[in-house]
Amino acid sequence: MEDLISAVNQILDILKGNNLSFITSIIFALVPILLTVISIILSVRMDMQNKTLQKMIADRDSRNQTRQIILEIYNAYFTGFRITSQAKDNIEDIFISDQSYYKWATDLETAYNSIAQMYNQAKLLIRDNEFIVSLKKAFESFGALYHSVGQYIATGIPSQMINNAWQKT
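The present account deals with the structure reproduced in this document. Just so we're clear, the structure is a prediction, and the values are computed from it rather than from any experiment.

Observations concerning the pattern of salt bridges
- Applying the stated rule across the entire model yields four salt bridges.
- Lys51 is paired through a salt bridge with Asp47; the nearest N and O atoms lie 3.5 Å apart. With a gap of four residues between them, Lys51 and Asp47 both fall in helix α2 (residues 19-89), about one helical turn apart.
- The class of Asp47 is partly exposed, set by a relative accessible area of 37%.
- The shortest N-O distance in the salt bridge between Arg60 and Asp61 comes to 3.0 Å.
- What makes Arg60 partly exposed here is its relative accessible area of 42%.

Dropping the structure here:
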């Protein structure tokens, strides 16, 4: 009971004009509110900066992914070019035995599948029509070569020619 009386007396002292205690009470009441407002302002500002940073990171990751896809497309087409270049000046070396032209045809098939996959991936992910048209022309040309080689080998002519050449020597 005495505690209640002393608390009421303190309140009366504040109200009667004990200005120092009144000002202190106001300060102690306003400081937490002010700190809360400052904290909210800083949080909103940091959130805006984080959103900007996340967008920058997402853009960078997208560019890196696109760059990686472009390099994979280049590698597939270059591999196809390298395999077809083997036949440029030394087609005799490729068709010297059944094993050599079967290996070359298998390499052509692997390159064709890789080029087809990269061409389809490029159509889905890249929005550069001129680039896609160029890839399509190269894909169709390589496909024509691949199918022609397959048809030629399926005729049996290479095997017959190799057998005839071996019998003549």
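Structural notes on the packing of aromatic side chains
- In total, this model carries nine aromatic pairs according to the counting rule given.
- Consider the rings of Tyr74 and Phe78, whose centres lie 5.9 Å apart with planes at 15°: the pair is stacked. With Tyr74 and Phe78 both in helix α2 and four residues apart, the pair spans about one turn of that helix.
- Among the residues examined, Phe78 registers a relative accessible area of 40% and is labelled partly exposed.

As for the nonpolar core
- With 27 residues, the main nonpolar core has Ile73, Tyr77, Trp104, Leu108, Leu135 and Phe139 as its most contacted residues.
- Secondary structure elements with two or more residues in this core: α2, α4 (98-125) and α5 (129-155).
- If you tally residues by element for this core, the top one is α4, at eleven residues.
- Residue contacts for Phe139: discarding those within four places in its chain leaves Tyr77, Tyr112, Ile115, Ala116 and Tyr119.

Here's the deal with α4
- Relative to the 40 Å expected for 28 residues at 1.5 Å per residue, α4 spans 40 Å between its end C-alpha atoms, a close match to the ideal helical length.
- Listing the buried residues of α4 in full gives Tyr101, Trp104, Ala105, Leu108, Ala111, Tyr112, Ile115, Ala116, Met118, Tyr119 and Ala122.

Notes on the packing of α5 against helix α6 (residues 157-168)
- Here α5 crosses α6 at 55°, and the two axes come no closer than 4 Å. In terms of their interaxial angle, α5 and α6 are classed as oblique. Residues Tyr152, Ile153 and Thr155 of α5 form the contact with α6, whose participating residues are Ile157, Pro158 and Met161.
- Per-class residue counts for the contact of α5 with α6 are five nonpolar, one polar and no charged.

Rules of the game
- Residues numbered from 1 in each chain as written.
- Predicted model: local features only at pLDDT ≥ 70, side-chain atom pairs only at ≥ 80, totals over all residues.
- Heavy atoms only, no water.
- Salt bridge = Lys/Arg side-chain N within 4 Å of Asp/Glu carboxyl O.
- Helix = DSSP H or I, 4+ residues; strand = E, 2+ residues; numbered from the N terminus.
- Buried < 20%, exposed > 50% of the residue type's maximum accessible area, 1.4 Å probe, protein only.
- Phe/Tyr/Trp six-rings, centres within 6.5 Å; stacked < 30°, edge-to-face > 60°.
- Core = buried A, V, L, I, M, F, W, Y, C linked by side-chain atoms within 4.5 Å.
- Contact = heavy atoms within 4.5 Å.
- Expected span 1.5 Å × (residues − 1).
- Axes fitted to C-alpha atoms, helices over the stretch in contact; angles between N-to-C directions.
- Parallel < 35°, antiparallel > 145°, perpendicular 65-115°, else oblique.
- Nonpolar A, V, L, I, M, F, W, Y, C, P; charged D, E, K, R; others polar.

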